[in-house]
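# Overview (structure and organization)
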Number of protein chains: 4
Amino acid sequence: MIKVGIFGTGRIGKIHIKNLINHPKVDLKMVVDPFIDEDFIKALGVSFSKDEKDIFENPQIDTVFICTPSDTHYDLIKKSILAHKIIFCEKPIDLDLKRILEIKQLVEKENVFLQVGFNRRFDSNFRKIAKEIQEGAVGKLVQTRITSRDFSPPPRNYVEASGGMFLDMSIHDFDMLRFITKKEVQSIFVNATNLVTDYGDIDVDTAFLLFTLMDGSLASIENCRSAVYGYDQRIEVLGKDGRIFCDNKYDNSVILCNKENESRENPLDFFLERYRDSYKNELEDFIFNVQNNNPPSVGIDESIEATILALAALQSHQQKQMIEIASIKAKYAL
Amino acid sequence: MIKVGIFGTGRIGKIHIKNLINHPKVDLKMVVDPFIDEDFIKALGVSFSKDEKDIFENPQIDTVFICTPSDTHYDLIKKSILAHKIIFCEKPIDLDLKRILEIKQLVEKENVFLQVGFNRRFDSNFRKIAKEIQEGAVGKLVQTRITSRDFSPPPRNYVEASGGMFLDMSIHDFDMLRFITKKEVQSIFVNATNLVTDYGDIDVDTAFLLFTLMDGSLASIENCRSAVYGYDQRIEVLGKDGRIFCDNKYDNSVILCNKENESRENPLDFFLERYRDSYKNELEDFIFNVQNNNPPSVGIDESIEATILALAALQSHQQKQMIEIASIKAKYAL
Amino acid sequence: MIKVGIFGTGRIGKIHIKNLINHPKVDLKMVVDPFIDEDFIKALGVSFSKDEKDIFENPQIDTVFICTPSDTHYDLIKKSILAHKIIFCEKPIDLDLKRILEIKQLVEKENVFLQVGFNRRFDSNFRKIAKEIQEGAVGKLVQTRITSRDFSPPPRNYVEASGGMFLDMSIHDFDMLRFITKKEVQSIFVNATNLVTDYGDIDVDTAFLLFTLMDGSLASIENCRSAVYGYDQRIEVLGKDGRIFCDNKYDNSVILCNKENESRENPLDFFLERYRDSYKNELEDFIFNVQNNNPPSVGIDESIEATILALAALQSHQQKQMIEIASIKAKYAL
Amino acid sequence: MIKVGIFGTGRIGKIHIKNLINHPKVDLKMVVDPFIDEDFIKALGVSFSKDEKDIFENPQIDTVFICTPSDTHYDLIKKSILAHKIIFCEKPIDLDLKRILEIKQLVEKENVFLQVGFNRRFDSNFRKIAKEIQEGAVGKLVQTRITSRDFSPPPRNYVEASGGMFLDMSIHDFDMLRFITKKEVQSIFVNATNLVTDYGDIDVDTAFLLFTLMDGSLASIENCRSAVYGYDQRIEVLGKDGRIFCDNKYDNSVILCNKENESRENPLDFFLERYRDSYKNELEDFIFNVQNNNPPSVGIDESIEATILALAALQSHQQKQMIEIASIKAKYAL
């Protein structure tokens, strides 16, 4: 049994709480949130508090889940490391690469288990594609494409705090590109603009991103903050020996044919519903690795690499030219 | 909160336990099974016993889930009624229509809430089709078809105790036919044979069943005990104004195209996986109705009607002619 | 080069004319129709006449295509045989089995090449399914299902002359059942009614037909005179080792996703458009066999067998019981 | 009736001959090819010659189809203009933009009808997408993507003469981008490389091309000279109000499910088969416009615009930066 304390009872916090409370290998000891949703927690019968010390100083808790707002992650991770807890932290570690690198040093120094919440790696579609590519189903990579579009744009104040589309949204796709191809990026070019929202003064909302990977193959990401038909998350890979791709996820597969046309319901449009199973799979993977003394499947290096790509994307967008990833790394002495 | 006791820790019992233990509106008090899987139960931290009295005589338990072998349902239901519990019972109530009718009398006399576990009514595909038909999406019914094929045949000893294909397997489809069309059956004709198993001496394994419904529309069921490509459960309905249908359920939607062909993984082949969400939805529905003093969504009458159709199917198969449902009902003075 | 004369310039006649006139191995000599569409023919620059002798007595014409109304087929075939022409005749040979048998005798006596126009055998979907089944792709047959629904019902006067749904429409599906399975039918049961037209006084318009084939496997046909969403022609076969099926044919594969749903255009709804390619493939096959002294791919026996099934279907419908095909054959001393 | 002479009896010439010879509104007078396939032509019974004068100097021929190798187009068009013929010319007019502009001047001066063979505009999938977009089905454009991959790479000597991938292959997609969006391109960025062929010394074979269109929306083209699974030609467009896309074309829609998986045949892999219907539709459109004194649907301006995009793509590839289309136009004083 792992003994868990959770920070944060927002949308993602609740997902983890529901998955943890039911798990035969988990003892959920405590939930901490200064703005806690007491009704929700009481109904579950879980101990709760507004004071983070009730987790950090409780020797019976060996594992923490950090599901609070992004700007608190850095502090909570540092405190968790110093309290020698096993750590699961939702993405991002931080928006500032220097602070992520600082966490990395601490993790290595203190030899702590830290997993980052790139939950899409545990989606059945993307996991299957990654597996098939690794097993050589399509041969040497030629063209990889990731389509990733939100259902509806986030509010303006969210975007202001998010670090912008590349650090907030594309970062999932940067991680997915590395996860699917198992290749690092050599260079990146971005063509981004503002077409679907009214906050063009603070951020872009639509982009094509082009990549050359280290094996010489090409890749692209298609991002948009709005897709009226649902949450659009698909991947397609062309290799020398074939093509592999997936469709979106739907509540049902019912098709209606009438005088007008053939139709079906739109894909799932809410990320918690769309990725419901991936959160569960992620948890299984976390528990398995903790209990078997394995390193985390998704460690801090994945967070660093994705953040570097986001910084390169931002620079390419600003300078309108191709950016070598090596040049970003050089800046940070990586 | 409803306070639940569960009988049975087999495959379906475990499904219900996992769904109940996690539910914010449920207090799972006790699990009873004479052959209990102690490791499973202990890991969950649930009280358990081998003695059914620990449920029946516990006044703190107001609700029972009966998930034991079919031949024990009749007794457990009767005892549950007499103990004035709220009852959820897996199908079938019994193989003998007379005993089901006896239970019905008792339920009505004691005014007890009894829900029968026709879980497929809560599948997202079938629920959507039923809803669309009721809302008139395809107009007046013309031809309804249910395809229902198991992945692999059950063992011979299971079949011997099951009551045969019509009472064990087709009964789900009889219920589905009534659920989808909201019509009763007028007559039935069966063409059944043995093609995919070696127990032709005790049961058929393949059948087409034809129906005339009370509104004059036609229907068919396609049953087979074996489908090597997965658990095959689909429905298609033709109406005067359109057609509606669904596909099977898959783990993922990944398609691989190589030199040979385009391919994807087979549909889910295990019923607990295929109907995982329908069990959860069924539980939500049960709790909602119990807490709101509604009658059960799936009451004993559904069990009676489906059993009558199974008896008619058996008779049609034996006599090789069309059977009027009224003739079966007359025998039981219904 | 085969030198062709065509009888009939109706819908199907025009299809054959267009395919023949362009064919490098065909010399289209003459078109005969007492009610000829002169504008159409003149535009093509083909010789034409209203007198059938201009074909029968022209020694330069070695091949005839009979595309006139059904009730003239019998006479034209007989005259063609006596004039020793190679014959392609649209279905049906005749509605009266005795007259078809008479033609068969004449064909055999005079050793004439006679092909019957069951064009669906040359459809790319059905041909592929037939080929895969023959090559064992699904193993031993278990359940075969043919769905065959017209887009809109024919007019009342057409139905009156057509011989009824079984002889006019289902007959294509009887032929398809034999073509797909390569098995003869042992027995048949029909559940037919009138649901989508107002000519219930003269014919049924909706039916499920059940079959036991000679190998013991089961089959069904779903017929309806009306399907508002298009011409619905699909086949699905379950074998011990797999399942094979096809979808309808569409003008394009474009899918539109908007706020409401995902949709596409309906399938093709006109049989000449739906089966455009099958008519071309049929012609290629005919020419190939003629030029290589092969027997016809679809000879008069196919017409006889399909007609027997139609007669059995009619009898089953009238008597509401299963009919042994052997009993029909016995009546005709077959 | 239009009276046609054809230059060229290669692959595409044969397609046009077959479509023209059968057409009720066409009188095919003469086929000219210095290396004529006599057997093919004789079998069709068409007059033929090796001397182009037999078309140019024949006053009975009012229309020419130019289907010869690309490097002869320029001369044949000029002669056809001077002979005042109606002209259909396969793409490209020429590889040299200056010579295309010269033809344009001549066409305008002599007021000749000249149609360019961008046949894909007449494909049922792409035509439907273009129509829906124009009718506002997806609203304002956001992201357009064209996937265009050949089945197998052309031979080295073909590539050497072709002008390279952008002028030979991508040019179809440049035209398609303009056809689908009805927008001109503002700027282009290319990331191209050599991954699937061994002629990296003379040309690239794989590319992502990014565009900003004049309405501010973004677009991309995915090109590859090799796709082992078939000829891969798809389009997907995201608009503010929806998404529209199409799949490839297949010979049949048959799906086989067995123990291993679900599979279907690959898409059509030969462009003449894939675009068979588009060549026919193109011809219908040509004849309609000629007979109704309309301007051609696809005039020389389409060829000029597509060629400019190819030149910009080449420059972007060489300079590794975004190219403004205006800068290319300025060079040619356009």
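Residues numbered from 1 in each chain as written. Chains lettered and ligands numbered in written order. Predicted model: local features only at pLDDT ≥ 70, side-chain atom pairs only at ≥ 80, totals over all residues. Heavy atoms only, no water.

Per an unreviewed UniProt entry, chain A goes by the name Inositol 2-dehydrogenase and belongs to Helicobacter apodemus. Check the Sequence similarities (unreviewed entry) section of the UniProt entry for chain A; it says "Belongs to the Gfo/Idh/MocA family." (UniProt positions renumbered as here; feature names shortened; annotations may be inferred.)

## Structural notes on the interface of chain D and chain A
On the side of chain A, 40 residues touch chain D, which itself brings 40 residues to the contact. Buried area between chain D and chain A, both sides added, is near 3,300 Å², and the carbon and sulfur share of it is 60%. On the chain D side of the interface with chain A, the three residues burying the most area are D:Gln143, D:Leu195 and D:Phe208, jointly 19% of the side's total. Linking chain D with chain A are eight salt bridges, by the criterion used here. A salt bridge links A:Arg234 to D:Glu236; its shortest N-O distance comes to 2.7 Å. For the pair chain D and chain A, the interface holds 14 residue pairs in polar contact (both at pLDDT 80 or more). (Contact = heavy atoms within 4.5 Å. Buried area = accessible area lost by both parts, 1.4 Å probe. Salt bridge = Lys/Arg side-chain N within 4 Å of Asp/Glu carboxyl O. Polar contact = N/O pair within 3.5 Å; in protein donor to acceptor, adjacent residues only side chain to side chain.)

## Quick look at the domain arrangement of chain A
Often, the extent of an interface is quoted as the loss of accessible area upon association of its parts. Residue and element names in this part refer to chain A. As assigned here, chain A comprises domain 1 (2-112) and domain 2 (121-278 + 305-331). The straight-line distance from the C-alpha centre of domain 1 to that of domain 2 is 28 Å. Across the contact, seven residues belong to domain 1 and 13 residues belong to domain 2. A buried area of about 850 Å², summed over both sides, lies between domain 1 and domain 2, and 74% of it is on carbon and sulfur atoms. Summed over the shared surface of domain 1 and domain 2, the result is zero salt bridges. Taken together, the links from domain 1 to domain 2 amount to two residue pairs in polar contact (both at pLDDT 80 or more). (Domains from an automatic or database assignment.)

## Regarding the pattern of salt bridges
When charged atoms on two side chains of opposite charge get close, those side chains can pair. Going through the model one piece at a time under the given rule, you end up with 140 salt bridges over all chains. Across the salt bridge formed by C:Glu222 and B:Arg145, the nearest N and O atoms sit 2.6 Å from each other. Within this pair, whereas C:Glu222 is found in strand S10 (residues 218-224), its partner B:Arg145 is found in strand S7 (residues 141-149), the two belonging to separate chains. Across the pair C:Arg234 and C:Asp232 runs a salt bridge whose closest N-O atoms are separated by 2.7 Å. The exposure classification of C:Arg234 matches that of C:Asp232, with both residues buried. (Helix = DSSP H or I, 4+ residues; strand = E, 2+ residues; numbered from the N terminus. Buried < 20%, exposed > 50% of the residue type's maximum accessible area, 1.4 Å probe, protein only.)

## Brief notes about the pairing of strand S13 (residues 255-258) of chain D
Two elements, strand S12 (residues 242-245) of chain C and S13(D), share four bridges in a ladder whose sense is antiparallel. Residue pairing in the sheet places C:Gly242 in a bridge with D:Asn258 of S13(D). Direction of pairing for S13(D) relative to strand S14 (residues 262-264) of chain D: antiparallel, over a ladder of two bridges. Bridge pairing links D:Leu256 to D:Ser263 in S14(D). A loop of three residues connects S13(D) with S14(D), the two strands running antiparallel in sequence. (Pairing = 2+ DSSP bridges.)

## Here we look at the packing of aromatic side chains
Considering all chains together, one arrives at 38 aromatic pairs over all chains under this definition. Ring plane angle 10 degrees and centroid distance 3.5 Å describe the contact between B:Phe189 and C:Phe189, whose orientation is recorded as stacked. With B:Phe189 in strand S8 (residues 185-193) and C:Phe189 in strand S8 (residues 185-193), this residue pair bridges two chains. Overall, C:Phe189 belongs to the buried group, its relative accessible area being 0%. Each member of the aromatic cluster is reached from another via a ring pair, and the members are A:Phe65, A:Phe88, A:Phe113 and A:Phe286. For the cation-ring pair, B:Arg99 lies above B:Tyr74, with the distance from its terminal atom to the ring centre recorded as 3.8 Å. (Phe/Tyr/Trp six-rings, centres within 6.5 Å; stacked < 30°, edge-to-face > 60°. Lys NZ or Arg CZ within 6 Å of the ring centre and 35° of its normal.)

## Some thoughts on the relation of the copies chain D and chain A
Laying chain D over chain A is done by rotating through 180 degrees and shifting 0.0 Å along the axis; what remains is an RMSD of 0.0 Å. In short, the pair behaves as if placed about a two-fold rotation axis. Closest to the rotation axis within chain D is the C-alpha of D:Gln321, separated from it by 3.0 Å. When the interface residues of chain D are mapped onto chain A, 100% of them are again interface residues, pointing to one common binding face. (Least-squares fit on C-alpha atoms with pLDDT ≥ 70 in both.)

## Observations regarding the relation of the copies chain B and chain A
With an RMSD of 0.1 Å, chain B superimposes on chain A once it is rotated by 180 degrees and translated 0.0 Å along the axis. A shared interface surface links the copies, since 100% of the contact residues of chain B are contact residues in chain A too.

## A closer look at the interface of chain B and chain A
The partner chain A presents 35 residues to the 35 residues of chain B that form the contact. Counting each side, the surface lost to burial between chain B and chain A is near 2,500 Å², with a carbon and sulfur contribution of 50%. Summed over the shared surface of chain B and chain A, the result is four salt bridges. A salt bridge links A:Glu265 to B:Lys128, with the nearest nitrogen and oxygen atoms 2.8 Å apart. Across the contact surface, chain B and chain A share 14 residue pairs in polar contact (both at pLDDT 80 or more). Of all the secondary structure elements, the ones that give two or more residues to the side of chain B that touches chain A are helix H1 (11-21), helix H2 (38-44), helix H6 (124-134), strand S12 (242-245), strand S13 (255-258) and helix H10 (276-291) of chain B. Here the side of chain B that touches chain A takes five residues from H6(B), the largest share from any one element.

## Section: the packing of helix H4 (residues 73-82) of chain B against helix H5 (residues 97-110) of chain B
Residue and element names in this part refer to chain B. Two elements in contact, H4 and H5, have axes separated by 10 Å at closest approach and are oriented at 10 degrees. Considering the angle they form, H4 stands roughly parallel to H5. Facing H4, whose interface residues are Tyr74, Ile77, Lys78 and Ile81, H5 presents Arg99, Glu102, Ile103, Leu106, Val107 and Glu110. (Axes fitted to C-alpha atoms, helices over the stretch in contact; angles between N-to-C directions. Parallel < 35°, antiparallel > 145°, perpendicular 65-115°, else oblique.)

## Observations regarding the sheet that holds strand S2 (residues 26-32) of chain D
Residues and elements named next belong to chain D. Strand order in the open sheet formed by six strands is S3-S2-S1-S4-S5-S6, and the pairing between neighbours is parallel. Since the sheet does not close on itself, it has two edges, and those belong to strand S3 (48-49) and strand S6 (114-117), each with one partner. As paired strands, strand S1 (residues 2-7) and S2 are joined by six bridges and run parallel to one another. Among the inter-strand pairings, isoleucine 2 is bridged to a residue of S2, identified as valine 26. Across the sheet, helix H1 (residues 11-21) lies against S1, S2, strand S4 (63-66) and strand S5 (86-90), angled at about 150 degrees from S2, the strand it touches most.

## Description of helix H10 (residues 276-291) of chain C
Residues and elements named next belong to chain C. Taking 1.5 Å as the rise per residue, H10 with 16 residues should run 22 Å; its terminal C-alpha atoms sit 23 Å apart, in good agreement. The set of residues buried in H10 consists of Ser278, Tyr279, Glu282, Leu283, Asp285, Phe286, Ile287, Asn289 and Val290. Immediately downstream of H10, the backbone of asparagine 293 shows phi near 55 degrees, a positive value. (Expected span 1.5 Å × (residues − 1).)

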